[in-house]
Amino acid sequence: MPNRKCSFNVSLAESEDKLIDSLSNLLRRCSEQAKDRKTNFSLGLSGGSLVQLLTKALRSSRLDTSNWEFFFCDERYVADDHSDSTYCAYRTEWLSQLPDILDLQFVKADTTKPLDECAADYETKVKVKVGNSPSNLPQFDLLLLGMGPDGHTCSLFPEQPATLEETSRLVIPIRNSPKPPPERITFTLPLINNARDVAFVVTGASKSDVVKRVFVEQDKQFPAAWVDPTSGQLTLIVDAGAGSQIKL
Ligand SMILES: O=C1O[C@H](COP(=O)(O)O)[C@@H](O)[C@H](O)[C@H]1O
């Protein structure tokens, strides 16, 4: 395995129930650590397949989520009630399945603003609500990331390598995303890599090759391979399909 700055753990789950258990255990550890620090638990969400998996993990673990705040590691630049909106996907699932989680616990992007302003405004919200690390950057307690078959994570795509070089902005606008919808906002690497914990949750045999290229070979042509928390921990939670080319 190549050198990483961070400590790296892999959880290879033989069944969906085991994967949900791994995710629940991670949420329990990170939220308890936030409680010990007497702070709200700041959790960055991703969209796509993670919505269902996280919903299952929260339902089965019955964790106390009253002091949790939910942010979006990336968000699609569409109205809040649009079917492409990641906020809408979580809100719709959780209204019926996790009714204790309140709408005011979501820190939403204001997609009524022009795209550049929407990204800058979301960065301000993150700076106001998430406590800083000694490096003076907001430090999330946990970021849950997905990874597409092309190795993208958040809305950092291999076709847009300049997004990986951002050093000053923490949230940037994305135009011409190769995956629809074309306009989005996304966390950048300085913010992602400053988190206390970052976890990828990846499922499906169609992603096994990219899982190996990203997490074993750390092939930098894939944006997900740039995720390497400076002082935090990195966890990879995979099912048997996605993890089939990893040797532990
Ligand atoms: O478009 C997106 O895709 C990625 C990966 O989604 P998945 O369905 O392949 O797990 C997701 O992590 C990201 O938040 C989303 O905007």
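Residues numbered from 1 in each chain as written. Predicted model: local features only at pLDDT ≥ 70, side-chain atom pairs only at ≥ 80, totals over all residues. Heavy atoms only, no water.

Colleague: I'd like to hear about the overall build of the chain, residue by residue, with values.
Modeller: Summing up its helical and strand segments, the chain has six helices and nine strands in all. Reported as C-alpha extents along the three principal axes, the dimensions of the chain are approximately 45 × 40 × 40 Å. For the chain, the residues scored as buried account for 55% of the 248 residues in total. Considering only contacts in the chain between residues 6 or more positions apart, those separated by 24 or more positions represent 75%. As displayed, the chain offers around 10900 Å² of accessible surface, 49% of which is attributable to carbon and sulfur atoms. The average position of the 28 basic charges and that of the 33 acidic charges among the side chains of the chain differ by 3 Å. (Helix = DSSP H or I, 4+ residues; strand = E, 2+ residues; numbered from the N terminus. Buried < 20%, exposed > 50% of the residue type's maximum accessible area, 1.4 Å probe, protein only. Contact = heavy atoms within 4.5 Å. Areas by Shrake-Rupley, 256 points an atom, 1.4 Å probe, with all protein chains shown as cover. Lys, Arg positive; Asp, Glu negative; His and termini not counted. Charge placed at Lys NZ, Arg CZ, Asp CG, Glu CD.)

Colleague: I'd like to hear about the pairing of strand E7 (residues 184-187), residue by residue, with values.
Modeller: The two faces of E7 match: Arg-184 and Thr-186 on one face and Ile-185 and Phe-187 on the other face are all buried. Strand direction decides the pairing type here: strand E4 (residues 74-76) and E7, joined by three bridges, are antiparallel. Note on E7: the bridge partner recorded for Asp-74 is Thr-186. Pairing geometry for strand E6 (residues 171-174) and E7, over four bridges, is antiparallel. Looking across to E7, one finds that Ile-174 is bridged to Arg-184. (Pairing = 2+ DSSP bridges.)

Colleague: Give me the side chain of Ser-155: which residues, what numbers.
Modeller: Along the polypeptide, Ser-155 turns up in the loop between strand E5 (142-145) and E6. For Ser-155, a relative accessible area of 0% gives the class buried. At a separation of 2.9 Å, a polar atom in the side chain of Ser-155 contacts the side chain of Arg-184. Residues contacting Ser-155, with those up to four places away along its chain left out, are Asp-74, Ile-174, Arg-184, Ile-185 and Thr-186. (Polar contact = N/O pair within 3.5 Å; in protein donor to acceptor, adjacent residues only side chain to side chain.)

Colleague: Describe in detail the layout of surface pockets, supporting the description with residues and values.
Modeller: Volume-wise, the largest pocket comes out at about 250 Å³. What lines the largest pocket is a set of 17 residues, and nearest its centre among them are Gly-47, Gly-48, Gly-146, His-152 and Lys-179. Among the residues forming the lining of the largest pocket, the class breakdown is four nonpolar, eight polar and five charged. (1 Å grid on protein atoms, 1.4 Å probe; cavity = no way out; pocket = protein on both sides within 12 Å on 5 of 7 lines; lining within 4 Å. Points joined across faces, edges and corners; volume = space filled by probe spheres on them. Nonpolar A, V, L, I, M, F, W, Y, C, P; charged D, E, K, R; others polar.)

Colleague: Before we move on, can you summarise the nonpolar core with the specific residues and values?
Modeller: Ranked by size, the top nonpolar core spans 75 residues in total, and within it Leu-27, Trp-94, Tyr-122, Leu-144, Phe-187 and Phe-200 carry the most contacts. By residue number, the principal contributor to this core is helix H1 (residues 16-36), which donates seven residues. Excluding its chain neighbours within four sequence positions, the residues that come into contact with Phe-187 are Phe-71, Phe-72, Cys-73, Tyr-122, Val-126, Phe-140, Leu-143, Leu-156, Leu-170, Val-171 and Ile-192. (Core = buried A, V, L, I, M, F, W, Y, C linked by side-chain atoms within 4.5 Å.)

Colleague: Talk me through the site of the ligand; I want residue IDs and the actual numbers.
Modeller: Taken together, 14 residues surround the ligand, and among them Gly-47, Ser-49, Asp-74, Lys-179 and Lys-207 come closest. Ser-49 is positioned with one of its side-chain polar atoms (N or O) 2.5 Å from an oxygen atom of the ligand. In this structure, an oxygen atom belonging to the ligand sits 2.8 Å away from a side-chain N or O atom of Lys-179. Taking a 2 Å distance to the grid points as the criterion, the majority of the atoms of the ligand fall inside the largest pocket. A per-class count over the shell around the ligand returns two nonpolar, seven polar and five charged. (Near = heavy atom within 4 Å. Sits in = over half its atoms within 2 Å of the grid points.)

Colleague: Help me get a handle on the UniProt feature "domain: Glucosamine/galactosamine-6-phosphate isomerase" (unreviewed entry) in the chain, residues and values and all.
Modeller: The positions that UniProt labels "domain: Glucosamine/galactosamine-6-phosphate isomerase" (unreviewed entry) are, in the present scheme, residues 15-235. The span residues 15-235 carries 33% helix and 15% strand; its end-to-end C-alpha distance comes to 18 Å. (UniProt positions renumbered as here; feature names shortened; annotations may be inferred.)

Colleague: Lay out the sheet that holds E6 with the relevant residues and their values.
Modeller: Read from one edge to the other, the open sheet built from three strands follows the order E4-E7-E6, with strand pairing classed as antiparallel. Edge positions in the sheet fall to E4 and E6, since each has one partner strand and no second. Across the sheet, the axes of successive neighbouring strands diverge by a mean angle of 15°, strand direction being ignored. Sheet strands in contact with helix H4 (residues 115-129) are E6 and E7, and its direction is about 160° off that of E6. (Axes fitted to C-alpha atoms, helices over the stretch in contact; angles between N-to-C directions.)

Colleague: Talk me through unusual backbone geometry; I want residue IDs and the actual numbers.
Modeller: If a residue is not glycine, its phi is most likely negative; likewise, a peptide bond is most likely trans. Looking along the chain, the bond that leaves Pro-180 and enters Pro-181 is cis, with omega of -5°. Counting through the fold element by element, Pro-181 comes out in the loop between E6 and E7. The backbone of Asn-136 shows a phi angle near 75°, a positive value even though the residue is not glycine. Phi at Cys-154 is positive, roughly 50°, even though this residue is not glycine. Of note, Cys-154 is situated in the loop between E5 and E6.

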